[in-house]
Each structure stands twice: as structure tokens, then as C-alpha cells.
Amino acid sequence: MKPDLTPSICLLIAVVLSGPARAAQDPPRHLQTYRQQGVDQVDIQNGRQLWYSTVNQRSCTSCHGDNPAKAGKHVKTGKAIQPMALSANAERFQDAKKIEKWFLRNCKWTLGRECSTQEKADILTWLSSQ
Amino acid sequence: MKHKTMMIMGYALLASVLTFSFYGMGQSLASSNDKYGEHDTGEMEYEDSKQHAATKQYPLYVDECGSCHMAYPAQLLPPASWQKIMRGLDDHFGENAELDTTTRQALEKYLSKASSSRSYQKLFRNLGNQAPLRITELPYFVHEHDEIPSRFIQANDKVSSLSQCNACHQNAERGQFDEDDVTIPGVGRWDD
């Protein structure tokens, strides 16, 4: 007797179909990872505040610009940086490795220290709401 | 109806861009009969070469080293320079460009191979055994650019520094730097 594969095939199709469509609208999947790492509440205002805070004349906006829904410009090289707001750029925050790489570099460079998991979750939530 | 036409036009445009890139590539540095031209630069190389034909560089390199500035073609510096650059990414010209070990090693391997072809020999004139961190410090580079007034560079919002090769050399990312293919933004074609 052959096992009935129909249900699993249906499930597979459903997953394939829903995958990309979902990614563009919902908050980034990566927030789930932060939740698993112990973040149980996000503070969207804190995210906003970190984004606009200035340390030694450096700020996230130095490169990403004042409006996250608009393209930014690298402060030193002038190279264009696509918008950070999820509403303006659906390709944002899709790759865990990429997100963590830039949080590490940019928090160190801008704020002079690494960002905590809580802070990263706050910033990501704020940017996704823009 | 309108949508369909747009889509067809889009595909046609994409196809012509790809074709053009392949053509351009044949004319550029890669045409010298070296290892680089044979795509022999590591096992992760050119897996999706169609998608990245526009630059004809290692996709991982373009991704990792092309986000803050253009991805400088490997032939523009000697291997020893790349090695120094790759060992100091956490303080990279005042910026943090650090990478995980696996990625860094893959890029190091690529750069060391792709740059040892030295297909742009004249760039290394009078260099001796020096290994500068910048292309813009190579004696030949300095010599070629010292007549450009600073109002065209530092005081020019669209250029800002000589490190932005692609601001003036339209085909810089493909490794082409012909003297008669230079347009300085806001100034125009360069003849001398």
C-alpha cells in the first residue's frame, strides 16, 4: 500500500504560495529570533530615539538620512543607500546574517558600542512601522 | 494591456543590458589571457554568473565589498595590499567593515588569486615592493590624476573624492579606465 502524499503536497504548495507574499507585509521574521532570545516587549519609542540620537556627531541618520522612507547617502563615500523603512523597501530585513552584520558594525561605529538584543528589536520594530 | 507592454519592454531592456555587459566584459581587463579571464577563482565563483554578469566579479565580493563604495576590481592593487586590507577590516579607513571568518577567508582567497594576474601592469609602475592600502596612492594613479583641479573633485558634490572611480569612469566596475571614456559630473568629458 502506498502512503497518501496528498496532504503533504497540499501543505507544501500552501507554504510555497504564502511565503513571499507574507514577507513583504508582516514585521520581519527576525523579530521572532529576538523574542526567542528573551525579548518579551518591544519599545517602539526607544527604537525611534536610538535611531535619531547623536554620539560624537554620528547618528544612524548620517548615512541613512532623516527620513527612513527615503534613500540615504553614505556619509563618506556618497554611495546611495536604499530606504530602510519596510514600507518603502520590501527587501529590507530579510536575511538574519545581513541584519546582524550591519547592527554590529553600525552600532559600534555610530554609538561607540554594540546594541543589545532589546535595542535591536526596538529599532527593527520602529523601522518596520515606518 | 499597458502592463503587458511595460513588462515586455522591461525584459527586452534586461536582455540588452546583459548582452551588453557580456560584450563589454570581453573588451575589458578580463580579456587578457590570465586565470581571471577563465573564471578560475575559487569554488563558490560565478555560480549565478548570469545574474552578476554586469560586473563579472565574484558575487560574494560585490555583496560584501560593494555596499559602502563600488566593488573595486581586484586587479587594481597587488596581492600584498589586499592581504593588508583584509586583515584590518575592523578599522577600515575609519570605518567598521568586519566580517565573519568564513566570509573573510573566501574573499581573501579570491582577491589573492584575482589580483595576482596583474593584468593592469601599468598601474603598478614605480611601485617596487610597496603595498599601499589605497589605489589612489599608487604612483601611477597619482601621476594620472594630478592635473585634475580639486574643484572638480573635493568641491564637487557628485564626486567628493578620487576614491569614487565610478563617478568619472563610467565603466570602472568592469575594470575599464580608458582616458577617452572619462566624464566628470557637472564638468563634462575630459580631453587633454
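Computed from a prediction, not measured in an experiment: that's the story for all the values here. (Residues numbered from 1 in each chain as written. Chains lettered and ligands numbered in written order. Predicted model: local features only at pLDDT ≥ 70, side-chain atom pairs only at ≥ 80, totals over all residues. Heavy atoms only, no water.)

## Focus: the nonpolar core
- Counting 31 residues, the largest nonpolar core has B:Tyr61, B:Trp82 and B:Leu138 as the members making the most contacts within it.
- If you list the elements that add at least two residues to this core, you get helix H2 (59–65), helix H3 (79–87), helix H4 (101–116) and helix H5 (139–145) of chain B.
- Among residues more than four places away in sequence, those in contact with B:Trp82 are B:Tyr61, B:Tyr72, B:Pro73, B:Ala74, B:Leu77, B:Leu111 and B:Ser115.
- A:Leu50, A:Phe93, A:Cys115 and A:Leu127 belong to the second largest nonpolar core, which has 19 residues in total. (Core = buried A, V, L, I, M, F, W, Y, C linked by side-chain atoms within 4.5 Å. Buried < 20%, exposed > 50% of the residue type's maximum accessible area, 1.4 Å probe, protein only. Helix = DSSP H or I, 4+ residues; strand = E, 2+ residues; numbered from the N terminus. Contact = heavy atoms within 4.5 Å.)

## A look at the domain arrangement of chain B
All names here are of chain B.
- Once the domains are mapped, chain B shows domain 1 (54–134) and domain 2 (147–192).
- Taking only C-alpha atoms into account, the centre of domain 1 sits 21 Å from that of domain 2.
- Taken together, the 11 residues of domain 1 in the interface contact 9 residues of domain 2.
- Of the roughly 780 Å² buried where domain 1 meets domain 2, counting both sides, 57% is carbon and sulfur surface.
- Counting every contact that joins domain 1 to domain 2 gives 0 salt bridges. (Domains from an automatic or database assignment. Buried area = accessible area lost by both parts, 1.4 Å probe. Salt bridge = Lys/Arg side-chain N within 4 Å of Asp/Glu carboxyl O.)

## Some words on the environment of A:Ser129
Residue and element names in this part refer to chain A.
- In this fold, Ser129 is placed in helix H6 (residues 117–129).
- Distance in space between the C-alpha atoms of Ser129 and Leu86 is 7.3 Å, their sequence separation being 43 residues.
- A polar atom in the side chain of Ser129 sits 3.4 Å from the side chain of Gln130. (Polar contact = N/O pair within 3.5 Å; in protein donor to acceptor, adjacent residues only side chain to side chain.)

## A closer look at the packing of helix H3 (residues 44–52) of chain A against H6(A)
Residue and element names in this part refer to chain A.
- Two elements in contact, H3 and H6, have axes separated by 7 Å at closest approach and are oriented at 90°. It follows from the interaxial angle that H3 and H6 lie roughly perpendicular. Contact residues: Ile44, Asn46, Gly47, Arg48, Leu50, Trp51 and Tyr52 in H3; Glu119, Asp122, Ile123, Thr125, Trp126, Leu127 and Ser129 in H6.
- For the contact of H3 with H6, a count of residues per class yields 7 nonpolar, 4 polar and 3 charged. (Axes fitted to C-alpha atoms, helices over the stretch in contact; angles between N-to-C directions. Parallel < 35°, antiparallel > 145°, perpendicular 65-115°, else oblique. Nonpolar A, V, L, I, M, F, W, Y, C, P; charged D, E, K, R; others polar.)

## Considering a negative patch on the surface
Residue and element names in this part refer to chain B.
- Where like charges cluster on the molecular surface, the negative patch consists of Glu144, Asp146, Glu147, Asp178, Glu179, Asp180 and Asp191.
- Along the chain, Glu147 falls in the loop between H5 and helix H6 (165–168).
- By relative accessible area, which is 59% here, Glu147 ends up exposed. (Patch = residues over 30% accessible without salt bridge, like charges linked within 9 Å, V, L, I, M, F, W, Y side chains within 5 Å. Areas by Shrake-Rupley, 256 points an atom, 1.4 Å probe, with all protein chains shown as cover. Lys, Arg positive; Asp, Glu negative; His and termini not counted. Charge placed at Lys NZ, Arg CZ, Asp CG, Glu CD.)

## Some words on the packing of aromatic side chains
- Under the defined criterion, the tally for this structure stands at 4 aromatic pairs over all chains.
- Geometrically, the ring pair formed by A:Tyr52 and A:Trp126 is edge-to-face, given 5.6 Å between the ring centres and 75° between the ring planes. Taken together, the positions of A:Tyr52 in helix H3 and A:Trp126 in helix H6 put the pair 74 residues apart, joining distant regions of the chain.
- Assessed through its relative accessible area of 30%, A:Tyr52 is described here as partly exposed.
- Between the aromatic rings of B:Tyr61 and B:Tyr110, the centroid separation amounts to 5.5 Å while the plane-to-plane angle is 45°, which identifies the pairing as tilted. Pair noted here: B:Tyr61 is in helix H2 and B:Tyr110 is in helix H4, with a separation of 49 residues, a long-range link.
- You can call B:Tyr110 buried: its relative accessible area is 1%.
- One aromatic cluster in this structure is built from A:Trp51, A:Tyr52 and A:Trp126.
- Across the ring face of A:Trp109, the terminal group of A:Arg58 is positioned such that the distance to the ring centre comes to 3.9 Å.
- The positively charged end of A:Arg105 is found above the aromatic ring belonging to A:Trp102, 4.6 Å away from the centroid. (Phe/Tyr/Trp six-rings, centres within 6.5 Å; stacked < 30°, edge-to-face > 60°. Lys NZ or Arg CZ within 6 Å of the ring centre and 35° of its normal.)

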